[in-house]
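Report on the structure
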Amino acid sequence: ILSPYLNKEVSLNFISSGDSRTDQNGDPVANCSQVKKITQTMRTNGNKSCFGIIDWDLTNQQREEGIVVNALNNQYSIENCLLNPLFIGLLILGLKTGSQYEISHRYISLNYNSAKCLQEIHDWILNKISSQFETQNQNQISIQLISGVTINTPEWFTHHQGHELESKIITQIPELKKIKQNSEHKLKLEIINKIFDDFTMLVPIDFRDTFLKIQNS
């Protein structure tokens, strides 16, 4: 999806560090210490082209050789990046569920270059899910997309513990259950495979910058 925005001279190949541990549904689960350990082992044994990507988790910093922190000082984890209210809203519009009639925008005619349009879709979902969160912190995080458009998401969402997001969102938007199907990954993969594939220009630049950082190292 992001290949047009990366260095074509440097290929990237990805392996999961989570296969040694699974969740209750049998899906692989990774953690930062696991990623760091595998990366350190690979690099110590001569593979200096091996890099590990970890979440910010509010505390991780860019200090260790070979470790790249995605969305550093911006978003708690990959879940916060992928489950942003904008992408949840676009998914609902794309699936044409009943909730789509709560808003005037339509997937097929989406003006993806309009910050106003995207922010309205974002705020529609944000208002639907806000009752599940502590919302005192109204500081806004500006999230820039590949297109150059910026949307604003409150810190109470971007800095929230990532693994809790999905269940809280589904509590307020139960129609997403049919996508999740008790899988750790299916909802996030649906956003990648549908929303990001249809609208590559809406991918957050944090992902692009993380990959470019590795390519340029």
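An account of the accompanying structure is given in this report. (Residues numbered from 1 in each chain as written. Predicted model: local features only at pLDDT ≥ 70, side-chain atom pairs only at ≥ 80, totals over all residues. Heavy atoms only, no water.)

Topic: the packing of aromatic side chains
- Evaluation of the coordinates by the stated rule reveals six aromatic pairs.
- Consider the rings of Tyr112 and Phe199, whose centres lie 5.9 Å apart with planes at 50°: the pair is tilted. A residue pair is termed long-range when its members are at least 10 positions apart, and Tyr112 in the loop between α3 (85-95) and α4 (115-129) and Phe199 in the loop between α8 (186-198) and α9 (205-215) qualify at 87 residues.
- Accessibility expressed as a relative area gives 33% for Tyr112, which makes it partly exposed.
- A relative accessible area of 11% places Phe199 in the buried class. (Phe/Tyr/Trp six-rings, centres within 6.5 Å; stacked < 30°, edge-to-face > 60°. Helix = DSSP H or I, 4+ residues; strand = E, 2+ residues; numbered from the N terminus. Buried < 20%, exposed > 50% of the residue type's maximum accessible area, 1.4 Å probe, protein only.)

With respect to the side chain of Ser99
- Checked against the element boundaries, Ser99 lands in the loop between α3 and α4.
- For Ser99, a relative accessible area of 9% gives the class buried.
- For Ser99, the residues in contact, after removing those within four places along its chain, are Ile92, Trp124, Lys128 and Glu175. (Contact = heavy atoms within 4.5 Å.)

Considerations on the environment of Gln132
- Inspection of the secondary structure assignment puts Gln132 in the loop between α4 and β3 (140-144).
- Spatially, the C-alpha atoms of Gln132 and Gln172 are 7.9 Å apart, while their sequence positions differ by 40 residues.
- Not counting residues up to four positions away in its chain, the partners in contact with Gln132 are Lys168, Thr171 and Gln172.
- Only 3.0 Å separates the side chain of Gln132 from the side chain of Gln172, close enough to count as a polar contact. (Polar contact = N/O pair within 3.5 Å; in protein donor to acceptor, adjacent residues only side chain to side chain.)

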